[in-house]
Amino acid sequence: MNYRHAYHAGNFADVLKHAILALCIEHLKAKATPFRVIDTHAGIGVYDLQSEAAQKTGEWHDGIERLTKADMPAAIGGLLAPYLQCVDALKAFKRRHVYPGSPEIARYLTRAEDRMIFVEKHPQDAKKLADVFSFDGRAKILELDGYVAAKAYVPPKERRGLVIIDPPYEERDEFSTMFAAFVDAYRKWPTGMYLLWYPVKNREETKRFLVQLAEAGIPKILRGELRVKAVTELGGLAGSGLIIVNPPWKLADELRVLLPWLDGVLQQGEGHGWNVDWLAGESQSSSV
Ligand SMILES: C[S@@+](CC[C@H](N)C(=O)[O-])C[C@H]1O[C@@H](n2cnc3c(N)ncnc32)[C@H](O)[C@@H]1O
């Protein structure tokens, strides 16, 4: 387990993932009944952008920094509001350049009656996560394999909510491991919302994963993908995507407004682009 998210926090992939996560949580809040957010690969929750790790890669300059400096039409401002309010509130609270990970976004946006489970396998990171969030009685923090947790903790007793699965893709077979864990969890809780993050590094690998999902017999699967540059044989991170199973009503329309704008702001050169399409359901628009 060499991956440390501190090197990548606030990069273009975090922007896409966290903006969509925030929108999904906001949609869940449209109903008064409580829900639960289960984050299987939680990281440490809050990232110091002035740390040695963040300075070393400087990735956040091409992510959250570009976003905060961009001119934002009102419609985009509305869609990004929950996410950016969380970013700003954390910065104001800590009085330094920090960035929220997915657990902090969930903690910030959820209500008193909602609950969270944050899972992290790396012992040191799990300890940091517990240090940051144990003050909040709504959150359970577990040092555990996120794939085991994905299956073990669904359905939550609220029977509403979302599971976010955001692995580092360090292992060669991580696409298959994540797919299998998701299917196991989905079988136990088919009405839950699931957010599955994937990297765009290698076209064939990504396509195999998307086809596998499309053929899994799951009725509603939406995909939002953003590539900031061309995918090359060298295999660097050219983009990322989020699969949303059982997405909130209207999310597809919102992403069709948001992603073209993010594409313009975050692009790094030729080959950039975006997709919002249905891998399954809603008359299936995907061409993967
Ligand atoms: C991409 S980072 C997570 C970032 C976080 N979700 C966010 O958006 O702020 C992936 C995390 O998964 C952890 N990890 C790796 N393998 C894991 C496993 N099998 N179960 C749980 N956590 C794991 C890593 O230590 C790392 O902190």
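In this report, the structure presented in the accompanying data block is examined. (Residues numbered from 1 in each chain as written. Predicted model: local features only at pLDDT ≥ 70, side-chain atom pairs only at ≥ 80, totals over all residues.)

1. Observations regarding the nonpolar core
Of all hydrophobic cores here, the largest spans 87 residues; its most connected members are C24, Y194 and L195. It is helix α1 (residues 12-28) that provides the largest number of residues to this core, a total of twelve residues. (Core = buried A, V, L, I, M, F, W, Y, C linked by C-beta atoms within 7 Å. Buried ≥ 20, exposed ≤ 12 C-beta atoms within 10 Å, placed from the backbone. Helix = DSSP H or I, 4+ residues; strand = E, 2+ residues; numbered from the N terminus.)

2. Examining the sheet that holds strand β10 (residues 273-280)
An order of β5-β4-β1-β6-β7-β9-β8-β10 is seen for the eight strands of this open sheet, with the pairing classed as mixed. Each edge of the open sheet is held by one strand with a lone partner, namely β5 (139-143) and β10. Going from strand to strand, the sheet's axes swing by 15 degrees on average, the running direction of each strand aside. Examined bridge by bridge, strand β7 (residues 193-200) and strand β9 (residues 239-245) share seven bridges and lie antiparallel to one another. Bridged to V200 within β9 is G239. The strands touched by helix α9 (residues 203-214) are β7, β8 (221-227), β9 and β10; relative to β10, the strand with the most contacts, the crossing angle is about 30 degrees. (Pairing = 2+ DSSP bridges. Axes fitted to C-alpha atoms, helices over the stretch in contact; angles between N-to-C directions. Contact = placed C-beta atoms within 7 Å.)

3. A word on α1
With 17 residues, α1 should cover 24 Å at 1.5 Å per step; its first-to-last C-alpha distance of 25 Å lies within 8% of that length. By the criterion of burial, α1 is predominantly enclosed, with 15 of the 17 residues buried. (Expected span 1.5 Å × (residues − 1).)

4. Points about unusual backbone geometry
Cis geometry marks the peptide bond from V154 to P155, where omega comes out at -10 degrees. Within the fold, P155 resides in the loop between α7 (146-152) and β6 (161-165). If you check the backbone angles, Y169 has positive phi at about 55 degrees while not being a glycine. Looking at where Y169 falls in the secondary structure, it is placed in the loop between β6 and α8 (174-188).

5. Observations regarding helix α6 (residues 123-133)
Listed as buried for α6 are D125, A126, L129 and F133. All buried residues of α6 project into a common sector of 100 degrees when viewed along the axis, lining one side. Relative to its buried face, α6 has exposed residues pointing more than 90 degrees away, namely P123 and Q124. (Arc of directions from axis to C-beta.)

6. Points about the pairing of β5
Sheet topology places strand β4 (residues 115-120) next to β5; five bridges connect them, and they run parallel. Bridged to V119 within β5 is L142. Handedness of the crossover is the feature at issue here: the chain leaves β4, passes through α6, returns alongside β5, and the resulting connection is right-handed. (Right-handed = clockwise from strand over helix to strand, strands pointing away.)

7. Some details on the pairing of β7
Among the eight residues that make up β7, seven are buried, leaving the element largely enclosed by the rest of the structure. Summarising the sheet, β6 and β7 pair through four bridges and their orientation is parallel. What sits directly across from I164, in β7, is L195. Handedness of the β-α-β unit built from β6, α8 and β7 comes out right-handed.

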